[in-house]
Amino acid sequence: MNRSLSDITSVDLAPLGRIIESHAPVSSNSLIPILQQIQDAYGYLPKIVLMEMGKRTGIAASQIYGVATFYEQFCFEPRGRHTIKCCRGTACHVKGGPEISEEIERAIGVEAGGTTEDMRFTFETVACLGTCFLAPVIMVDNDYYGHLTASRIEEILERYT
Amino acid sequence: MPDKKITSIKDLEALQQSLRGKAEKFKARVLICMTGCRALGAESVATGFRDKLGALGLNKDIAVVETGCIGMCAIAPVVLIEPWDYLYGHVSPDDIDEIIEQTLKNGRSVDRLTVKKNKKPVAKKNDVDFYRKQKQLVLENCGRIDPRRIDDAIERGGYAAAIRALTEKTPDEVVEEVIASGLRGRGGAGFPTGVKWKFARRSPGDEKYLICNADEGDPGAFMDRALLEGDPHRVIEGMIIAAYAIGATKGFIYVRAEYPIAVEHIGIALDEARTLGLLGANIAGTSFGFDIEVRMGAGAFVCGEETALIASIEGGRGMPRPRPPFPAVKGYMGKPTNINNVETFANVPPIMRSGADAYAAIGSEKSKGTKIFALAGKVKHTGLVEVPMGTTLRRIVYDIGGGISNDKPFKAAQLGGPSGGCIPAKYLDCQIDYDSVRQIGAIMGSGGLIVMDEDTCMVDIARYFLEFVQSESCGKCTPCRVGTKKMLDILRSICAGQATMDDLATLERLAEDIKKASLCGLGQTAPNPVLSTVKNFRDEYVEHIEEKKCRAGVCKNLLGYEIFEVCTGCGACRRVCPVDAITGEKKKVHAIDQDKCIKCGQCFAVCKFEAITR
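Just so it is clear, the structure is predicted and the values come from calculations on it, not from any experiment.

1. A look at the packing of helix α17 (residues 458-472) of chain B against helix α22 (residues 538-547) of chain B
Residues and elements named next belong to chain B. With their axes 8 Å apart at the nearest point, α17 and α22 run at an angle of 95° to one another. As judged from the angle between their axes, α17 and α22 are roughly perpendicular. Of the residues in α22, those in contact with M458, V459 and A462 of α17 are E540, Y541 and H544. Residue classes in the contact of α17 with α22 are distributed as four nonpolar, one polar and one charged.

2. Notes on the interface of chain A and chain B
Contacts between the two partners involve 36 residues from chain A and, on the opposite side, 55 residues from chain B. With both sides pooled, the region where chain A packs onto chain B buries about 3,500 Å², and carbon together with sulfur makes up 58% of that total. Connecting chain A to chain B are one salt bridge. Close ionic contact of E102(A) with K556(B) constitutes a salt bridge, the shortest N to O distance being 2.4 Å.

3. Comments concerning the sheet that holds strand β4 (residues 143-145) of chain A
Two strands in a sheet stick together by hydrogen bonds in their backbones, pointing the same way (parallel) or opposite ways (antiparallel). Residue and element names in this part refer to chain A. Reading across the sheet, the four strands line up as β2-β1-β3-β4 and stay open at both edges, with mixed pairing between neighbours. At either end of the open sheet lies a strand with only one pairing partner, and these are β2 (121-126) and β4. Here the strands of the sheet are splayed against their neighbours by 20° on average, with no regard to which way each runs. Those strands touched by helix α7 (residues 97-108) are β1 (82-87), β2 and β3 (138-140), and its axis lies near 165° from that of β2.

4. Describing the sheet that holds strand β10 (residues 337-341) of chain B
All names here are of chain B. The strand order across the open sheet built from four strands is β9-β8-β7-β10, with neighbouring strands paired in parallel fashion. In the strand order of this sheet, the two ends are held by β9 (291-296) and β10, each with one partner. Neighbour to neighbour, the strand axes of the sheet diverge by 20° on average, direction disregarded. One ladder, built from six bridges, connects strand β8 (residues 250-255) with β9; its direction is parallel. What sits directly across from I253, in β9, is V294.

Calculation notes
- Residues numbered from 1 in each chain as written.
- Chains lettered and ligands numbered in written order.
- Predicted model: local features only at pLDDT ≥ 70, side-chain atom pairs only at ≥ 80, totals over all residues.
- Heavy atoms only, no water.
- Axes fitted to C-alpha atoms, helices over the stretch in contact; angles between N-to-C directions.
- Helix = DSSP H or I, 4+ residues; strand = E, 2+ residues; numbered from the N terminus.
- Parallel < 35°, antiparallel > 145°, perpendicular 65-115°, else oblique.
- Contact = heavy atoms within 4.5 Å.
- Nonpolar A, V, L, I, M, F, W, Y, C, P; charged D, E, K, R; others polar.
- Buried area = accessible area lost by both parts, 1.4 Å probe.
- Salt bridge = Lys/Arg side-chain N within 4 Å of Asp/Glu carboxyl O.
- Pairing = 2+ DSSP bridges.

Pasting the structure below:
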C-alpha cells in the first residue's frame, strides 16, 4: 500500500484526462485502447491512475483490473530504463534460444518478467519477434541482436547503462 | 497523391496511367527492404544511396524506394535493382559506390554481392532458385512498392478489382465467385471463405461487421506481418470486397502490438485510401460505404480464436465462448460478423481480377491458390516463400530453402505452430495442402514452417509447444486449463529422465481427451505437437524414459559434460565458462568441476577440437 500512497503525491493525472477526453464518450469498447495509451504515457499502469479512470469513466475498477491482468502487454510496476526482450519463438528455440535466456537471467540476476533492483533492466520473453532469420535473437530497447551465442550477452548488456 | 476523390473505374485507370508515366521517367530503381532488413542496418543503406545519388545529380533518374519484405531474409539487408532485377545481399553502406558505378551507371552486376550457385554468381532475382521455384501471386507487390505510398499500389493495379466488384457485380455474385474459386481460410483451419461470407450475408440484420485477424501469434510465423508491412493496400482492397459481399459497413484490423511497423503502415494506408475516396461513405462514387479501424492486440495468443478476438475488441477479457451461435449470426456487439485472416483477404483481389477459374487452376484438387510460408529454423535460406498449394515439402526445404544448414540430415519440419505437428523425413515428398497435411498429423496452420535437424530433440519440442499453450490457456475450460498442465508435467519429467512408460500412456490418453473436450481451437489443437512427435518419433520418447538418453543433446538433466584427452589446453572453454567450472594449465588437458557446472553448453559450442562430450 505504500506504493499507492507515494503514487498519490507523485502521479500527474493530466495525461489521463487527455486520454479519456480523446475517447469521449467512453464505453467499455475503448477500454483496451485507453489502457494502452495510459501505459504509453506513464510507462506502466499505476494503481492510482486506474482508480481515477474508473471514477471518471464509470467503468468499475474491478472490470478495468480484470481486463488489464488478462493481457500480457500490461504491467503494474514501474519498468527499468532498458527493456530486454528475448525471443522464445520456435526458430530461436531450435537454434539455442533457451541458453540465451538463461545467460541473461544469470548476467542480470533477474528472471523473465522481472526488473533489476537498480532499475537498469526489465527482462521479458516474447512469443516471437518475427525475425526468425536472426535466430536466436534478442531486442534491447529498439536494437536487435541476432545470431547470438550466450558468450556475447554480457558484452551486449554492458552497452546499456 | 492527388487530393481529388476517385469516383469511377475510369478515374482510377487514368490515375494509374499518369502514375505509370511518372514512374517510367526513372531509368532505374533501387529497392531496399525497410521492414525485416531494418534489423540489420537497411536504413543506413537507404540513406547512403540517397545521399550519394543526390551528390552525383542522379536522383532525377534513379529512384530509391523503401519497400517491404523482398523475401530472402537470409541475406539481409536485401537490395533489388530494377530494371535489371539484380538481387544483392548483405549490402552495407560501403558497397554503395561500387553498385552505383558498376550497376546503375553501366548496367553490370556486382558479382560479389549476388547469390551464388555452385560458387558461380546468379545475379537476376528470378534466376535464383529461391525465387525461380516460387509462384508469387499474393506477394507480387511485396518488395516492389513503397507500402507507405498508395500511388505505388495503384500504379501496379491496386483497387481496380475492388471498384470493378462494387460497380459491375452484385454482392451475391461476389460471394459466388469466391466460393467458385475454392479459396479456403489461410488462418489455419481452411474453412471455405466464400461459404463463410454467404453465412454472414444471409444472416438477418442491417448492421454487420468485418474483422481482419492480424493477431499472428504462432511463434515462427511472419507471413501476415510481411503482408501488412509490405502491401497493406492489398489487404484493405480484399476487405472492401468482402464488406461489399456481406453488407458490412464497419471493419476492424486486429493486429499484434508487437508489430509496430505493420501498425504504422496500415495507419498510413487507411488514411490515404480515405483521402482518395476508396474508404468511407460512397466508395469510388457508389452508394456503398465502409470504413476500417485499427485495434492493437495486447498480447494474448488465445485472441487468434475468433470469439476470443471479438471479446477483446469489445473491451473484455479475450476469452472464447461456445459456438454456435457463430459470429456470422452473433458476433461483435451481438451483430453478424465475418472474420478472415490477413492472407485470406490478400487472396481476394487476384480472384476478382482474373476470375475464379484462373485462380482455381492454381493449387491442388481441394486446396486452391498459393500459400505463403515463413521458412525458418535449420534451413539455409530463411525467408518468405509463396508456392502453389500442393507443393512438396522437399521442394520447399531443398529447392527453395537451399537445404539444411551445415548440410546435416533433415529430421523434421514443424508446420502449424502450437496447433500443428512435426512432419518426419519419410513425408518429404508429401504434398503440402490442407487435407494431405492433416492426414500426416500436422495442420497447415497459418504457415510457419520450422526446419529441424538431428540437434533438435523431439521430446523437447513437444514440451516447448505445450509450455507455450499452457501459459496462453485462458483458463475458461477445464480440459485446457488443467489438462495441458498435467501433460506439461509429464513432458517435463520425461525430459528430466524421471518418467515411466506408464506416464507416456497417460500422456497419450490425456492428449486425446483434451482434443475432444476443450472449448476452443487452442485447447482442441494443443495436444497436436505431442501426438505427432509420439507417433513419428516414439523411439526418442522411449530412449528418454528407459535409457535416460537425449540423442540430440538438448535435455540438460540427461547430459554430463566431460573433457577428453584430445584437449589441447587452448583455454577457450575455460575462458567462456560463466561459472568458472573449468580448470587446467595451458597446453594441458582441462577438467570440468561437475558440482559447479550448470550445463549451459558454452564450452561445447566453443571447443574446436571436439574434446568435449555431453
